[in-house]
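Overview (structure and organization)
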Protein chains: 2
Amino acid sequence: MISVAEALEAVLALGAPLDIEEVDLAEADGRILAQDVQANRDQPPFAASAMDGYAVPSTDIKPGDTFKVIGEAAAGHRFDRSVSAGEAVRIFTGAPLPDGAHRVVIQEDTTREGDVITLTDPLDSGHHIRPAGGDFKRGDKMESPRLLSPADIALLASMNIARVPVRRRPVVAIIATGDELVSVGETPRDDQIIASNSLGLAAMFRRAGAETRVLPIAKDTVSSLEMALTLSEGADLLVTIGGASVGDYDIVAEVASGVGLEREFYKVAMRPGKPLMAGRIGDRAMVGLPGNPVSSMVCGEIFILPLLSKFLGMPSGPRARIEMPLQGALSKNGPREHYMRGVITNGAVSVARRQDSSLLTVLAQANALVVRPPHAPACDSGDVVEVIPL
Amino acid sequence: MISVAEALEAVLALGAPLDIEEVDLAEADGRILAQDVQANRDQPPFAASAMDGYAVPSTDIKPGDTFKVIGEAAAGHRFDRSVSAGEAVRIFTGAPLPDGAHRVVIQEDTTREGDVITLTDPLDSGHHIRPAGGDFKRGDKMESPRLLSPADIALLASMNIARVPVRRRPVVAIIATGDELVSVGETPRDDQIIASNSLGLAAMFRRAGAETRVLPIAKDTVSSLEMALTLSEGADLLVTIGGASVGDYDIVAEVASGVGLEREFYKVAMRPGKPLMAGRIGDRAMVGLPGNPVSSMVCGEIFILPLLSKFLGMPSGPRARIEMPLQGALSKNGPREHYMRGVITNGAVSVARRQDSSLLTVLAQANALVVRPPHAPACDSGDVVEVIPL
């Protein structure tokens, strides 16, 4: 058995950043920017008014000063002459500042009679001008790699980037294996259960930016597994669930070896998740997850999400951990690194009483994994532990 | 001007939980469970082995005891006779426990010769049996409303819920208005800019569970706005951007009134975001956002996301705030509640130096809004402030 850190390193070595594709900006939210992009323009492209008011030619003004209003500038409608001494232009937020204007007086600081305005007392001291290029300048970059947010989409739009270079989504084929499994909606025999992990993992991987293909359940037979492996061709990553200990042998490894699996490791010093396997079949990375529902979901979080980050060209390494006080005590840990299901509330984490790897109800209520190193001593309430928020 | 709290209350009053629809479980991740669902079965449906080993009829065993192996039970393959005194059944993880068996001895604690096993010393004390219904029992509920997670999807699968009752996604029509705007990818005149908020807001609303329709940009003319309003028919929510102060009048309000707008309020004591408007046109809720890019995105976070929660039948109220020490000082606040763009690092929040509502570069780097109440006094570094994480 290897350590979790060694296993993660081996899993990450199976992936490399995928190709770059271009998508419409409207489809780019949540994608990974794969190349730096440069603004095609200054923003604002012109000095603009930040308020509704009057653009005047001098910055040296005082209450009582009067100006003759010679025109109007609105957003999208430039006033195309100059403003000279004693003149003002009615101006609205976002409008280009007319030539010759150096300050905007907000409308609340003026009185107007006909086409003459008089400045009132007190006078706001701001100039209320947004300089050209004040947000960004032509050539300014958004740097890659970057997970694009809604605010990034707005910024890219204002940079006039209509097509965005992003990483292709990794395609993940998922195969649940086992004679005990039927698909949701079917009627199981009394010694069967519903395949649950494949749909849960598919949702987890899609949230991380993958495209998923949930393949039909494979029975514990060579022909059924061979068929499933064939269906996974073209995927970047094949994830199998279960099948590592069927009766006395590992049928997934046997069949996968027959189609060229080069196995990197089998078994990790981890709870839950000991029977984890990873390797490569031709161009595909392959990770064999344990069949216990919670084990497979936890291994998905710990190993597959970092691998998907690698495919997407993002920094990839162990899941970020935070330190947090423990609520309740914990007994000492055994030789395997333990990822305990827990709940964070009010800045402290409590560990679920029942940690059996079959309990999906416990996982669904959890929002954190408490990481216990191999042979960690017992902990008291209030001790600081390492936590991976889910 | 009304307060932010009053404005939010008025905005929330515009929405009500939408209809319930059923979707396939494979499509349910991220949707809102709209009715309690009940497990159709026990999980596990039978007492099952938690380990690979041997099922024996007695719990009172000791090193040196021997048993005759009379058969095998694997996942999906029940051993369909009983185990009697002196007998054992080879059993694998997840397999139904045979009748008469009361304990599983892990295989590492046995030696086997032919069909006889002998228990070794020391003997693990666990029984390694998962009781029937240990995860959940038939009739156990997942309670609504609930934002479904990948772990929930796995749990619903194991409950054999193939079709899931969820709230219909709210349909949000988005109209950017203004003669100064062109769509991304077009070439603006020198007094024009790119419409950025519509795409940014659409992404924000989709992440919150909405379906979005970004309508063509409306010019500041009655006919163009009327056309846009017509295109928004059938949406649950119409969001307009800008147009509340075009020249000296509010063209959006004027045109919307012509098609039946009942306005609830106009102007909120808020920075950024003062010219916010909300009301109802027939069946549609309508929110008029300010045209400044950052104002519209911040108002989307503060007002529209809670309204979407209401449409989705989730608890809806002000965005959750956390308390956090400030890094750097802040001057006193004016009469409007200020939502300052900031960055959380290492448990403290710093406020961006430039807070002008036109700066999308600042928003894109922010991960938090620092909320400053009206007339809040100056703050020193280390003072605790209220923060909305983005």
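Calculation criteria
Residues numbered from 1 in each chain as written. Chains lettered and ligands numbered in written order. Predicted model: local features only at pLDDT ≥ 70, side-chain atom pairs only at ≥ 80, totals over all residues. Heavy atoms only, no water. Helix = DSSP H or I, 4+ residues; strand = E, 2+ residues; numbered from the N terminus. Rg over C-alpha atoms; globule rule 2.2 N^0.38 Å. Buried < 20%, exposed > 50% of the residue type's maximum accessible area, 1.4 Å probe, protein only. Contact = heavy atoms within 4.5 Å. Pairing = 2+ DSSP bridges. Polar contact = N/O pair within 3.5 Å; in protein donor to acceptor, adjacent residues only side chain to side chain. Expected span 1.5 Å × (residues − 1). Bend = angle between axes of the 7 residues up to and from the residue. Buried area = accessible area lost by both parts, 1.4 Å probe. Salt bridge = Lys/Arg side-chain N within 4 Å of Asp/Glu carboxyl O. Nonpolar A, V, L, I, M, F, W, Y, C, P; charged D, E, K, R; others polar. Domains from an automatic or database assignment. Least-squares fit on C-alpha atoms with pLDDT ≥ 70 in both.

Points about the overall build of chain A
Helices and strands together make up the secondary structure of chain A, namely seven helices and 28 strands. Computed over the C-alpha atoms, the radius of gyration of chain A is 31 Å, more than 25% above the 21 Å expected from 2.2 N^0.38 for a compact globule of 390 residues. If you line up chain A on its principal axes, its C-alpha atoms span 95 × 50 × 40 Å. Here chain A, with 390 residues, has 54% of them falling under the buried criterion. A separation threshold of at least 6 residues defines the contact pool for chain A, and within that pool the share at least 24 residues apart is 69%.

Topic: the pairing of strand S28 (residues 384-389) of chain B
Residue and element names in this part refer to chain B. Judged from the four bridges that link them, strand S24 (residues 322-327) and S28 form a sheet pairing that is antiparallel. By the bridge assignment, Pro325 is partnered in S28 with Val384. Sheet topology note: the strand S27 (residues 368-372)/S28 ladder contains four bridges and is antiparallel. What sits directly across from Val371, in S28, is Glu386.

Here's the deal with the side chain of Asn197 of chain A
All names here are of chain A. When you line up the elements, Asn197 lands in helix H3 (residues 197-207). On the basis of relative accessibility, which here comes to 5%, the residue Asn197 falls in the buried class. At 3.3 Å, the side chain of Asn197 and the backbone oxygen of Gly291 are in polar contact. The contacts of Asn197, once residues within four sequence positions are left out, are Ile241, Gly291, Asn292, Pro293, Ser296 and Met297.

Some remarks on unusual backbone geometry
Note that the residue after Gln43 of chain A, namely Pro44 of chain A, is joined by a cis bond; omega there is -10 degrees. As for its placement among the helices and strands, Pro44 of chain A is situated in the loop between strand S3 (37-38) and strand S4 (48-49). Following Ser144 of chain B, the chain continues into Pro145 of chain B via a peptide bond in cis, with omega recorded as -10 degrees. Along the chain, Pro145 of chain B falls in the loop between strand S12 (141-142) and strand S13 (146-147). Look at His128 of chain B: it is not a glycine, yet its phi comes out positive at around 55 degrees. Along the chain, His128 of chain B turns up in the loop between strand S10 (116-119) and strand S11 (129-130). Positive phi outside glycine occurs at His375 of chain B, with the angle close to 60 degrees.

As for helix H6 (residues 293-311) of chain B
Residues and elements named next belong to chain B. Here H6 contains 19 residues, and its C-alpha end-to-end distance of 25 Å stays within 8% of the 27 Å for a straight helix at 1.5 Å per residue. Helix geometry: H6 is bent most strongly at Gly300, by close to 40 degrees. Judged by how many residues are buried, H6 sits mostly within the fold: 17 of 19 residues are covered. In the stretch just after H6, Gly313 is the one whose phi turns positive, near 75 degrees.

Details of the interface of chain B and chain A
Residue-level contacts link 73 residues of chain B with 73 residues of chain A. Between chain B and chain A, the buried area comes to about 5600 Å², and carbon and sulfur atoms account for 53% of it. Run the count over chain B and chain A and you get six salt bridges. Linking Arg130 of chain B and Asp356 of chain A is a salt bridge whose minimum nitrogen-to-oxygen distance equals 2.9 Å. For the interface between chain B and chain A, the tally reads 34 residue pairs in polar contact (both at pLDDT 80 or more). Those elements that provide at least two residues to the side of chain B that touches chain A are helix H2 (150-158), strand S17 (193-194), helix H3 (197-207) and helix H7 (360-365) of chain B. A total of eight residues in the side of chain B that touches chain A trace back to one element, the largest contributor, which is H2 of chain B. Residues that form the side of chain B that touches chain A fall into these classes: 31 nonpolar, 21 polar and 21 charged.

What to know about the domain arrangement of chain A
Parsing chain A into structural domains produces domain 1 (4-17 + 169-311), domain 2 (25-43 + 136-167), domain 3 (48-130) and domain 4 (322-389). Averaged C-alpha coordinates put domain 1 of chain A and domain 3 of chain A at centres separated by 67 Å.

Observations concerning the relation of the copies chain B and chain A
When chain B is fitted to chain A, the residual RMSD is 0.1 Å, and the transformation amounts to a turn of 180 degrees plus an axial shift of 0.0 Å. Such a combination of rotation and displacement between the chain copies is what one expects of a two-fold axis. Across chain B, the smallest distance between a C-alpha and the rotation axis is recorded for Arg207 of chain B, namely 5.5 Å. The residues that chain B uses at the interface reappear at the interface of chain A in 100% of cases, marking a shared surface.

Structural notes on the environment of Pro45 of chain A
Residues and elements named next belong to chain A. Turning to its location among the elements, Pro45 is positioned in the loop between S3 and S4. Overall, the relative accessible area of 26% leaves Pro45 in the partly exposed class. Linking Pro45 and Met277, residues 232 residues apart in sequence, is a C-alpha distance of 56 Å.

A look at the pairing of strand S25 (residues 337-345) of chain B
Residues and elements named next belong to chain B. Pairing geometry for strand S21 (residues 270-271) and S25, over two bridges, is parallel. By the bridge assignment, Met270 is partnered in S25 with Glu337. As paired elements, S25 and S27 share five bridges and run antiparallel to each other. Directly across from Arg341, in S27, lies its bridge partner Leu369. In this structure, S25 lies alongside strand S26 (residues 348-351), joined through four bridges in antiparallel fashion. Across the sheet, the residue bridging to Thr345 is Ala348, located in S26.

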